[in-house]
Each structure stands twice: as structure tokens, then as C-alpha cells.
Amino acid sequence: MGIYDFTVKDQQGGDVSLEDYRRRVLLIVNTATECGFTPTYAQLEELYRSLHDRGLDILDFPCDQFGHQAPGTNEEIAAFCTSRFGVTFPQFNKVEVNGEGAEPLFAYLQAQQGFQGFDEGHELTPILEDLLGKDDPSFAQKPSIKWNFTKFLVDREGNVVRRFEPTTSIPDVVTPAVEALL
């Protein structure tokens, strides 16, 4: 099974085949509207606007699994993102990314690119490590998604080539990695 074999739900609950994104570079993100990382939407939108015409698509999947930081309906989340951050990239149905109810796409992404640690030096890294370590001392050895705004980079052939944790700098790390694939 590959990335193009998955079908996901759009905001209205309609089916969208990832085959529609063949030959595009994808950045697939689980997001939240009430998270310390929520301002990342602005950076993602800037990246999308600057590189969409060269072949980048950002696929946004709201997720309420981490501290219930994505409350509201799909429509309320979309309205927030549009009004607050001017988001124009595709937003999909709210999903779970871990556990028995995980969206199959996210189970696949994790199997392709497991957790490799938060970025050292980021101000929120010690907070996340402490929070996650209290619930599961071996969290770092598991491929699961650890928090909102985890990003998976997919090349034009559908290969999941990188995973970026929420602490990864978009301008310094994500943008150059995307540009290298365009």
C-alpha cells in the first residue's frame, strides 16, 4: 500500500483520493486551533503561498487528541483558520492520529517515519518531554505522533521522506527540505 491508495474525508465528509495529489510534493499535518503551536498556521500558509505553484500542497487534518486543543466542528475550525491566519490550503475532516480510531493515513505515515525526537533548543521541547514522559516514560521509542503540528513530507513519487515534529523550524528546516523536492 502506498500514499495514493488512501481516501480521506474533506471538511464536508466527502471522499478525497490522495491519488488526486499524485506528482505533487505533500506536507501532511495534524493541527489544532487552541495550541501553543497554533501560530504555525501562519508559517504554513506562507510556505503554501510561496511554493504551491511549484508543486507543493499542504494537507491539514485537525486533531483533538492532544489536550482537546481542536474543539469545534470542521466548519468552525475552517472559519477560525481562514479569519485568523488566512489559510487557503486544503483542510480536511477532523481525525484521530493515534490509537484504535486513528485515521489509516496517519497510521501509515507513522509506520513510514517514526518519532526521532524533538528539536534540541526549542523552548517547548522540555515541556513536551516532561508532559509525555509522565504518561509514558518510553514515549520516545514509539513511532506515534506526540503532539499537534507534526508534519510528514511526501515526495512527488509518493514516498514519505521526512517527519518534522512541532518543534522543528519551518523557515530553517521544513522550507529547505520542501524546496529540495520541487
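Below is a short write-up of the structure. None of these values were measured; they are calculated from a predicted model. (Residues numbered from 1 in each chain as written. Predicted model: local features only at pLDDT ≥ 70, side-chain atom pairs only at ≥ 80, totals over all residues. Heavy atoms only, no water.)

### Observations concerning the nonpolar core
Across soluble globular proteins, nonpolar side chains have a tendency to be buried as a group. One finds Leu-27, Ile-28, Leu-105 and Phe-106 to be the most contacted residues of the largest nonpolar core, which totals 56 residues. The residues contacting Leu-27, other than those within four sequence positions of it, are Leu-44, Leu-47, Leu-56, Asp-57, Ile-58, Leu-59, Lys-151, Phe-152, Leu-153, Phe-164 and Val-174. (Core = buried A, V, L, I, M, F, W, Y, C linked by side-chain atoms within 4.5 Å. Buried < 20%, exposed > 50% of the residue type's maximum accessible area, 1.4 Å probe, protein only. Contact = heavy atoms within 4.5 Å.)

### Topic: the state of the cysteines
The tally for this structure, following the rule as stated, stands at zero disulfides. No disulfide involves Cys-81; its sulfur sits 12 Å from that of Cys-35, the nearest cysteine. (Disulfide = S-S within 2.5 Å.)

### Things to note about the packing of helix H1 (residues 40-51) against helix H5 (residues 170-181)
Contact geometry for H1 and H5: axes closest at 11 Å, N-to-C directions at 30 degrees. Taken as axis vectors, H1 and H5 run roughly parallel relative to one another. Relative to H5, H1 is oriented so that their crossing is right-handed. When H1 is examined against H5, the residues Thr-40, Gln-43, Leu-44, Leu-47 and Leu-51 are found in contact with a partner set consisting of Ile-170, Pro-171, Val-174, Thr-175, Val-178 and Glu-179. (Axes fitted to C-alpha atoms, helices over the stretch in contact; angles between N-to-C directions. Helix = DSSP H or I, 4+ residues; strand = E, 2+ residues; numbered from the N terminus. Parallel < 35°, antiparallel > 145°, perpendicular 65-115°, else oblique. Left-handed = near helix turned anticlockwise from the far one by under 90°.)

### Digging into the sheet that holds strand E3 (residues 25-31)
Across the sheet, which stays open at both edges, the four strands sit in the order E4-E3-E5-E6 with mixed pairing between neighbours. Strands with a single pairing partner mark the edges of an open sheet, and in this sheet they are strand E4 (56-62) and strand E6 (160-164). Across this sheet, the average inter-strand angle for adjacent strands is 20 degrees, counted without regard to direction. Note: strand E5 (residues 151-154) against E6, four bridges, orientation antiparallel. Looking across to E6, one finds that Leu-153 is bridged to Arg-162. (Pairing = 2+ DSSP bridges.)

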